[in-house]
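# Analysis of the macromolecular model
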Amino acid sequence: MKSPVAAFVAFVIGAIVLVGYFIPAAPLQAIRTPILDWAIVLAGFAGLVAILNLIFGVHIKRIREKTPRQGFSWLVVISFFVVFIAGVILGPTNPNVQNVVTYIQFPIEASLMAVLAITLAYASLKFLQRQRNWMGIVFFVATLFFLVVNSGILSFSSNIPVLRTLVSAAHQLPVGGARGILLGIALGSLATGIRILIGADRPYNN
Amino acid sequence: MNIDVIWTLISLVLTLFIFSYLFGDNPVFRIATGIFVGAAAGYFAVVIIYQVILPHLVVPLIQGSILALFPLILSGLLLTKLSPRLGRLGNVSMAVLVGSGAAIAIGGAALGTIFGQVRAAIDAFGSQANTSGTSPLLLGVEGLFLLAGTVTALAYFNFGGKEQAGQAPARVAISAWLSGIGKFFIALTFGAIFAGVLTAGLTALVERADFVIRTISTLITG
Amino acid sequence: MSEKICPVCNRANLPNAKRCWYCQSLLEDEPVIGEPGEGAEAVEQPEPEKEVPDWLARIRARKAIESMEPQPKEEVPAPEKKTEEPKPVIPEKPASSVPSGKTGSISRRPGIQLPSWITELEKEAKPAPEDVEPFKPPAKKTESSDWMKKLSAWQAEEEHGGQEAAKAEPDNTPEWLTEFLSKENAPQPESGLTPAEEFNQQLQSAEPQPGDTEPLGPLTEDEEAIRPDETYDFSQDVESPTPKEEEEIPPVDERELEAGFTPLSVELPSEPAAKPPSIEPQPVEEGDIDLEWLEEYDKAVPKEAAPEEPVEEEAAAESEAAQPQEPITKPLTPFLGVKKNDWNIPFVPLAAKAEEASGEEETANEGEEDALKLPVWMEQLRRIEMTNPATPSTPPAPEMVPPAASPEPEEQPPVEGPLAGIQGALRSAELPDLYSKPPIYTNRIQVTDRQALRADLLSNLLQESPAAVHTEEAAPKTPAKSRLRKILVGLLVLAVVLLVLVGAPGTSLLPVLYPPETASVYQLVNALPADKPVLIAADFDAGLSGEIGYTSQAFFEHLMLRNIPMATLSTNPAGSALMGNMLSAAQARVSTYDLAARTVQFGYLAGGSVALQSMASDVHMALPYTAELFPAWTNPLLVNIQKISDFGALVVMTDDADTGRYWVEQVQPALEGIPLIVVTSAQSAPMLLPYYESGQINGVIAGMAGGTAYEQILQIPGESTFYFGAYQSLVLVVFVLILIGGVVALVMPQENGHKD
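Described in the following lines is the structure provided in the data block. (Residues numbered from 1 in each chain as written. Chains lettered and ligands numbered in written order. Predicted model: local features only at pLDDT ≥ 70, side-chain atom pairs only at ≥ 80, totals over all residues. Heavy atoms only, no water.)

## As for the interface of chain B and chain A
The cut-off we apply is this: Working rule for contacts: check all heavy atoms of both residues, and any pair within 4.5 Å makes them a contact. Summed over both partners, the accessible area lost on bringing two parts together, with a 1.4 Å probe, is the buried area. In the sections that follow, a salt bridge refers to a side-chain nitrogen of Lys or Arg positioned within 4 Å of a carboxyl oxygen of Asp or Glu. Residues adjacent in sequence count toward polar contacts only when both atoms are side-chain atoms; beyond that, a polar contact is any pair of N or O atoms within 3.5 Å, and within protein one must be able to donate a hydrogen and the other to accept it. Polar here means any residue outside two lists: the nonpolar Ala, Val, Leu, Ile, Met, Phe, Trp, Tyr, Cys and Pro, and the charged Asp, Glu, Lys and Arg; Gly therefore counts as polar.
Between chain B and chain A, the residue contacts involve 105 residues of the former and 104 residues of the latter. Together, the buried faces of chain B and chain A total about 9500 Å²; carbon and sulfur atoms form 83% of this surface. Of all residues in chain B, the largest losses of buried area upon contact with chain A belong to W7, Y43 and I106 of chain B, amounting jointly to 7% of the total for that side. Summed over the shared surface of chain B and chain A, the result is zero salt bridges. In this structure, the connection of chain B to chain A is made through seven residue pairs in polar contact (both at pLDDT 80 or more). Grouping the constituent residues of the side of chain B that touches chain A by class yields 71 nonpolar, 27 polar and seven charged.

## Comments concerning the nonpolar core
Applicable threshold: Remark: nonpolar core denotes a set of buried residues (Ala, Val, Leu, Ile, Met, Phe, Trp, Tyr, Cys) joined through side-chain atoms within 4.5 Å. Here the term buried applies to any residue with accessible area under 20% of the maximum for its type, exposed to any over 50%, and partly exposed to those in between, with areas from a 1.4 Å probe on protein chains only. Strands are runs of DSSP state E lasting at least two residues, helices are runs of H or I lasting at least four, and both sets are numbered from the N terminus onward.
Core analysis: the largest hydrophobic core is formed by 200 residues, its most contacted members being F555, F556, L559, M615, F647 and M653 of chain C. Ranked by residue count, the leading element in this core is helix 4 (residues 95–125) of chain A, at 16 residues. If we skip the residues at most four places from it in the chain, F555 of chain C touches V521, V525, V651, I677, V679, I701 and Y710 of chain C.

## Here's the deal with helix 23 (residues 545–561) of chain C
Residues and elements named next belong to chain C. Selection rule: By definition here, a helix of n residues has an expected span of 1.5 Å times n minus one. Bend at a residue means the angle formed by two fitted axes: the first through the 7 residues ending at that position, the second through the 7 residues beginning there.
Between its first and last C-alpha, helix 23 extends 23 Å over 17 residues, near the 24 Å set by a 1.5 Å rise per residue. The sharpest bend along helix 23 comes to roughly 40°, located at S552. With 16 of 17 residues buried, helix 23 is to be regarded as a mostly interior element. A positive phi of about 55° marks N563, the residue just after helix 23.

## Here's the deal with the packing of aromatic side chains
Note the cut-off: Here a Phe, Tyr or Trp ring, Trp counted by its six-membered ring, pairs with any other such ring whose centre lies within 6.5 Å, and the pair is stacked when the planes are under 30 degrees apart, edge-to-face when over 60, and tilted otherwise. Two conditions define a charge sitting above a ring: the NZ of Lys or the CZ of Arg must be within 6 Å of the ring centre, and it must be within 35 degrees of the ring normal.
Evaluation of the coordinates by the stated rule reveals 20 aromatic pairs over all chains. Ring geometry for Y21 of chain A versus F22 of chain A: centroids 6.4 Å apart, planes at 50°, classification tilted. Take Y21 of chain A: its relative accessible area is 16%, and that puts it in the buried class. Ring-pair connections join several aromatic residues into one group, and the members of that group are F56, F80, F81 and F84 of chain A. Residue placement shows R32 of chain A over the ring face of Y21 of chain A; its charged tip is 4.9 Å from the ring centre. Taking NZ or CZ as reference, R208 of chain B lies 4.9 Å from the ring centre of F106 of chain A, over its face.

## As for the sheet that holds strand 7 (residues 649–654) of chain C
Residues and elements named next belong to chain C. For clarity, the threshold we go by: Only when DSSP finds a minimum of two bridges between them are two strands counted as paired. With axes taken as lines fitted to C-alpha atoms, and helix axes fitted only over the stretch in contact, angles between N-to-C directions fall between 0 and 180 degrees.
Taking strand neighbours across the sheet as the criterion, the six strands line up as 6-5-4-7-8-9 in an open arrangement whose pairing is parallel. The two strands at the open ends of the sheet, each matched to only one other strand, are strand 6 (599–604) and strand 9 (699–702). Pairwise comparison of adjacent strand axes, ignoring direction, gives a mean angle of 15° for this sheet. Pairing analysis gives five bridges linking strand 7 to strand 8 (residues 676–680), with the strands arranged parallel. Among the inter-strand pairings, M653 is bridged to a residue of strand 8, identified as V679.

Right, here's the structure in full:
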């Protein structure tokens, strides 16, 4: 058994947090609330660990080892330290620091999203060539239909009562399936959470 | 030159670098992504320090909170994850995170989704839609449609099978029938989601195209 | 339903199974039984089980009788294939009277021919009748304990270092005894292990018993080739080395002989049957036992028969020789330590204690320990000699031990004295409890039938689903052509959007039908109390912040027009900055709204769903400070906020259905009726609409279409309305592209994938 202490901690913490959902007793909440606050701190530290590992464990290591793609790593490391030092000095709410998000992060991510849209559109061209079964056809037709719905060009239907009713009903079409999917996800989350709490799954062990 | 113009130019260049990916992977695309990764990581680190660690850990410690010692210790243990040799010490911290996350997932799924959605599925024929003035017949059809979609889509996630001699396990008849219908509803929902992804991306494309046009226009017109 | 019970792991298998599902053992020779329980019982009751006490009694009696008599060493079995025999040899489930299940005792099924070597061994080992008679064990005849008898004789022979053999067959033994006496060096063993160690390993490898529930790993080729009945025939294992060792008795190092066999060197040549001086009966005081002779003797035995590591053994012999052979004056405490595997846990400590008493230091290397220690099975047998059930409080010297006729439970071991507890390991009734089978690990995934069924079903389902598209196979065969098409599609899309944005900006077919969830938002905002701040959470990435910006602009303007205070937080690191830009853009159009005075920024809230639950439980603890690290709850806008339901509304701006779900699951129950409004991307709207239908979300603005609809409702055209034409154009272009692609695909032959 690997790290029984960790398993015990996970169980105790999980049990306290879980019971707090159903028993709103003040003493229990007095324990539960700090635990949740610890989790916030730990989540922050986990993010820091991930960043440190990215910079020092990956990119600086690549630079040291002079791998073929070390130029990319140089860019990452330099931009990281520039932003980090400026941010530590000025603070994250400083407009100049926030410009990093506004003028670097946002345009790049938005552009990536735009390129993704073009790529998806191209991929959609050949969809039915590969998936020509009835489920694929349903998916294909549904995609086209909801593209039209999302585009808003069915506005003209507002003048036709029957069509308006049908458009309104069509708006509800995905809800049934989505609800089933949500229930499936919830049941899966439930099972996974229980497995973690009882120690059957231990993702915290490295 | 105004600093904002510089920032805008940087943004324009980075946008064009990313769009160059339409012609395939290339160095300028990698330059843009490299800058993005480093800058985002740096900003993320600053935000964590200022808006998580300081208010939730450092300030309480300074104020003498004994309870803050626990996250301090746990955080210290978590930092050992950076070391392959000492990484196991961080398991306890990870256990706190995972244990609380698992409990949160259980409670949220049970109380938030399962109860709420099951009740909504039961009430699919309910009166809330009556306020819209829709005819009762249409409401009934709609409710039936939603209920059928919910039940059959859920049935699709039942992977229990019955063994047949010499054949691969297969669903029982009723389950196969329901899941077949469920696949229709799931395909329908996925189609809607895919259309949403496409439109979201296209919206981003509109926004970026507008930015490029406006920026170039500004540069040209001065 | 008839099932086959695996003889190895005792698990039920299908009737037609050739091999055990769990351990891969052959099942063909196992009877198909009617009921699992019956089968288990049948397997658990080996035929010779009832006879085990006899042989064990015989062993003990014989050992008690002959403990001081030397036996030839050459009969020590030195099996080469240690995996061939063990499993069926050991009783499946040690019965109440079977103390030997894991201590080296071997039972035999009736009808099995004894190997010739055992017969010879029996002849050799059998002492003279006059010697045995006074200590004869119970005269009950048994059917299948012949070889046990021989084993006991063999044990005794080994114990006595060949004295009895010398007595029985003086013509044979003097040869090696002479060699001993001549102090020549011992030869190297063929197997690399001493025979006793190999035999011990055989017994250890026989640990997986039919009664065990642990699955076994896959059998080796040797194991598979052996049927249960064949496993008793370990003559192959023994016959080959025995003559060799008989013929090639190695010369033994002088120091070893001095340490372990010095008395023999003096006594045996003249009178082989006589007892060596070192083991003459001596008066022993209570609590005093000289175990050192055992240690020395034990070490000498394997060395003589087949020394494994001469260097280490020499060192051990040196250390032994250096120790004064004094009787142990302090009582032995059994089970002091735990060593090796749990198979021999109860017994090894005795040897360790003896070593400790003799002053011998244990080597750190376990292999060295093995080389120096008495084999476990031998220790067990030896312990029988040292046990005097009649006088438990007065442990006798080994020479004075009367025959232990039976290892039955009624022969309770002494509870006091130096041997207290040692016998406990030998009590047949409790012996099984003292052992635990060593864990057997296998690299095979243990899959139950049910799991296999589900895996197959899942595989079948996936093959039918769209997710089963073979993406690698679907890769274009002509990358250049494919890239060209992709470039053309991209250029077409870009041309359309640029054309619309440059040529006809603001031209669009505006929505007239408003989604009910969007209309609900309008009503909710209108109903918000003006004095209560609205908590707005930014939970989106930068990539979709453009869409979220279009979607939320009219909503923000609506809030600002109503002069509602806002408190903002972000669950995404970049969210605060991005939402700040959106608020600034909205405020630019609603100049009456004092953004700095009417908003509070909490900053980034880490922790995902855990943080959301924390905030729902105690918003003060989750958000103690503003983004500028000022105490948040002393802000005039927030002084009346004690819990999250004190806000006027909760607005979640998200681009991810999962994070939207987290908000519903964790926070919505704590809202106590205040509205939950979601401003979301078009991609996550389908998965959030069920929550709107269920009433858990009170209003949704989804995507650019939703934002445009809200602007239409609000009758304040904004950016969303302005760019809606370009958006519509792009959507229609993509619609046409996909439609053409689909039609062409339906006309043209199928490339890959599945066809119903």
